[in-house]
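Single-letter residue listing:
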Amino acid sequence: MTRRPVIIDCDPGVDDAIALILALRSPELDIQAIVTVAGNVPLALTQRNARQICELMDRWDVPVYGGCPRPLVRSLVTAEAVHGTTGLNGITLPEPTLPLQERHGVSYLIEALQNASAPITLATLGPLTNIAAAIIQCPQILDSVAEIVMMGGAVTRGNITPVAEFNLYVDPHAGRVVFETGVPITMLSLDVTHQVLTTPERLAQLRAVGTDLSQVAVDLLTPYGVSDRETLGLADAPLHDPCVIAYLLQPDLFTTYGAEVTVETDSPLTLGQTVVNPRRAKALTHPVQVADTVDAAGIYQLLQDRLAMRL
Ligand code: BDR
Ligand code: CA
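Note that residues are indexed from 1 along each chain, following the sequence as it is written. Key to labels: chains lettered from A, ligands numbered from 1, both in the order written. Where local features are concerned, this predicted model is filtered to residues with pLDDT of at least 70; where side-chain atom pairs are given and counted, the filter is 80 or more; whole-chain, interface and lining totals use all residues. For the side-chain quantities, the full set of heavy atoms in the structure was used; hydrogens and water were omitted.

Peer 1: What exactly am I supposed to notice about the pattern of salt bridges here?
Peer 2: Two side chains of opposite charge can pair, provided their charged atoms sit close to one another. Here, a salt bridge means any side-chain nitrogen of Lys or Arg that lies within 4 Å of a carboxyl oxygen of Asp or Glu. Applying the stated rule across the entire model yields seven salt bridges. Across the salt bridge formed by R280 and E260, the nearest N and O atoms sit 3.2 Å from each other. In this pair, R280 is assigned in the loop between β11 (274–277) and β12 (288–294) and E260 in strand β10 (residues 254–263), connecting sequence segments 20 residues apart. Relative accessibility under 20% of the residue-type maximum defines a buried residue, over 50% an exposed one, and the middle range a partly exposed one, all with a 1.4 Å probe and only protein chains included. Relative accessible area serves as the criterion here: at 35%, R280 is assigned to the partly exposed category. Only runs of H or I of at least four residues qualify as helices and only runs of E of at least two qualify as strands under DSSP, and these elements are numbered from the N terminus.

This is the structure:
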């Protein structure tokens, strides 16, 4: 099997944690590193949470880096109301012994891409601060990026504001840097992740897997989404970040269309809004592939299968 080289940039976060569990159970992916960023909770917690998940998965081989502790321009906005004060609401894991890599996550990204023998896919699950900082410092690294598959953006409605999705709202300037590169990007926005809901039936299916790991997933997903139900009126909790990993494993679970995507960085009213313009797609070498529809049952089946997998 040819394993796809991937670097995961994330801010765990409950749904990031489920995404990491899915990725770390996927032999198709050659996970070169996990780089963490401030987002759902401050960096001191996102890097700790990523190391805890690696240990839980017995993946001592995956190095974890700490990246930027704040967005490029704005002050950090966090989401404890969604993810709890630790970022991993619902579970308590032992203090990690897997060390945090000494090198800064941004310098790791630059060196890894500069020395890559084959293009690397960047799977981004949080604010794009680390990726933008690496691009600003060393634009040549883009030659080694196979593509960026991101959870971020909103075509029709936001979650943190009426028009902005959390990851792009937290660091809209970083988002702008990344979208302006012209590198191939697949954007999994709220319009698809809000279709991937953790219904009681799906939660019961995960519980029925009956492994320690499936119980961890259930414990994470049970309290998750209460605030989205209250503030957005969603029926159940959306499984945002695992969609990125699912896309890497089974892109046919999604449909996409090409568009130009720009990020609002000036207006206080619409800060972080992703403006998606399919009419500009033909003018671009690499229009952003914006996900449109998703086979939600297929995503949960994939997660269920990987939780059941004995390695
Ligand atoms: C995104 O924001 C975070 O709260 C989630 O982890 C996800 O990456 C959804 O808007
Ligand atoms: Ca995230």
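Read on, since the account is not over.
Peer 1: Looking at this structure, how should I read the packing of helix α5 (residues 129–137) against helix α7 (residues 172–180)?
Peer 2: Helix packing for two helices is described by the angle between their axes and how far apart those axes are. Throughout, an axis means a line fitted to C-alpha atoms (over the contacting stretch in the case of helices), and angles, computed between N-to-C directions, take values from 0 to 180 degrees. At their nearest, the axes of α5 and α7 sit 8 Å apart, and the two run at 55° to each other. One way to sum up the angle between α5 and α7 is to call them oblique. Our pair here, α5 against α7, has a crossing hand that is left-handed. Side by side, α5 and α7 meet where T129, I131, A132, I135 and I136 of the first sit next to A174, V177 and V178 of the second. Charged means Asp, Glu, Lys or Arg here, nonpolar means Ala, Val, Leu, Ile, Met, Phe, Trp, Tyr, Cys or Pro, and polar covers whatever is left, Gly included. For the contact of α5 with α7, the class distribution of residues is seven nonpolar, one polar and no charged. To sort the angles, those under 35 degrees are grouped as roughly parallel, those over 145 as roughly antiparallel, those from 65 to 115 as roughly perpendicular, and the leftovers as oblique. Left-handed describes a crossing whose near helix is turned anticlockwise from the far helix through less than a right angle; right-handed describes the clockwise counterpart. Between two residues, a contact is recorded if the distance between any of their heavy atoms is within 4.5 Å.

Peer 1: Can you walk me through the coordination of the calcium ion (ligand 2) in this structure?
Peer 2: For a metal with four donors in a tetrahedral arrangement, the ideal angle between donors is 109.5 degrees, while six donors in an octahedron ideally sit at 90 or 180 degrees. The coordination sphere of the calcium ion (ligand 2), as far as protein atoms go, consists of D11 (OD), D16 (OD), D16 (OD), L125 (O) and D241 (OD), spread over 2.2 to 2.6 Å. The donor definition counts N, O and S atoms within 2.8 Å of each metal and applies 3.2 Å to Na, K and Ca; water is not among these atoms, so some sites may look incomplete. Every donor residue of the calcium ion (ligand 2) comes from the same chain, spaced as D-x4-D-x108-L-x115-D. Of the two residues, D16 is situated in helix α1 (residues 14–24) and D241 in the loop between β9 (237–238) and α12 (242–249); the sequence distance between them amounts to 225 residues. Judged by relative accessible area, which is 0%, D16 ranks as buried. Classification of D241 as buried rests on a relative accessible area of 2%.

Peer 1: I would appreciate a short explanation of the layout of surface pockets in the present structure.
Peer 2: It is a probe the size of a water molecule, rolled over the atoms, that shows where empty space is left. Taken as a whole, the largest pocket spans an internal volume of roughly 330 Å³. Here a cavity means grid points, on a 1 Å grid over the protein atoms only, where a 1.4 Å probe fits yet cannot get out; a pocket means an open set of points with protein on both sides within 12 Å along at least five of seven lines; lining residues are those with an atom within 4 Å of a point. Lining the largest pocket are 23 residues, with A79, V82, N159, F166 and D228 sitting closest to its centre. At the level of secondary structure, the elements contributing two or more residues to the lining of the largest pocket comprise α1, α3 (80–83), α6 (166–170) and α11 (226–232). Here the element with the most residues in the lining of the largest pocket is α11; it accounts for four residues. By residue class, the composition of the lining of the largest pocket is nine nonpolar, eight polar and six charged. Grid points are joined across faces, edges and corners, and a volume is the space filled by probe spheres set on the points. Empty space within the second largest pocket amounts to approximately 220 Å³.

Peer 1: What exactly am I supposed to notice about the nonpolar core here?
Peer 2: Generally speaking, nonpolar side chains in soluble globular proteins are found buried as a group. Within this scheme, the nonpolar core is defined by two criteria: the residues are buried Ala, Val, Leu, Ile, Met, Phe, Trp, Tyr or Cys, and they are joined through side-chain atoms within 4.5 Å. Among the nonpolar cores identified, the biggest contains 66 residues, and I8, I34, I53, L188, I245 and F254 are the most heavily contacted of them. With nine residues, the top contributor of residues to this core is α1. Not counting residues up to four positions away in its chain, the partners in contact with I245 are I8, A19, L22, A23 and L29. Residues L122, A134, A259 and V261 belong to the second largest nonpolar core, which totals 38 residues.

Peer 1: What is the right way to read the site of ligand 1 from this model?
Peer 2: Taken together, 13 residues surround ligand 1, and among them D15, N40, N159, E165 and D241 come closest. In the environment of ligand 1, an oxygen atom lies 2.6 Å from a nitrogen or oxygen atom belonging to the side chain of N40. Interatomic distance of 2.8 Å between a side-chain N/O atom of N159 and an oxygen atom of ligand 1. In isolation ligand 1 exposes 280 Å². Once the protein is present, 97% of that is buried. The site holding ligand 1 turns out to be the largest pocket. Those elements that provide at least two residues to the shell around ligand 1 are α1 and α6. Its residues placed into classes, the shell around ligand 1 shows four nonpolar, five polar and four charged. We call a residue near a given molecule or strand whenever any one of its heavy atoms falls within 4 Å of it. Think of a polar contact as two N or O atoms within 3.5 Å of one another; within protein, one of them needs to be a possible hydrogen donor and the other a possible acceptor, and neighboring residues in sequence only count if both atoms come from side chains. Residue burial considers only the protein chains on display, and all accessible areas are found by Shrake-Rupley using a 1.4 Å probe. Should more than half of a molecule's atoms lie within 2 Å of a pocket's or cavity's grid points, that molecule is taken to sit in it.

Peer 1: Got a minute to help me understand the sheet that holds strand β7 (residues 185–188) in this structure?
Peer 2: Paired through backbone hydrogen bonds, the strands of a sheet run either parallel or antiparallel to each other. In spatial order, the strands read β4-β3-β2-β1-β5-β6-β7-β12-β10-β11; together these ten strands make up an open sheet with mixed pairing. Unpaired on one side and paired on the other, β4 (100–104) and β11 mark the two borders of the sheet. Going across the sheet, the axis of each strand differs from the next one's by a mean of 30°, ignoring polarity. Strands are labelled as partners when DSSP assigns at least two bridges between them. Across five bridges, strand β5 (residues 120–124) lies against strand β6 (residues 145–151) in parallel orientation. If you follow L122 over to β6, its bridge partner there is I148.

Peer 1: Whenever I open this one, the pairing of β11 confuses me. Can you help?
Peer 2: Remember that side chains alternate between the two faces of the sheet whenever the strand is regular. Burial along β11 is one-sided: the residues T274 and V276 are buried and none of V275 and N277 is. Note that β10 and β11 share four bridges and pair antiparallel. From the neighbouring strand, T262 faces β11, where its bridge partner is V275.

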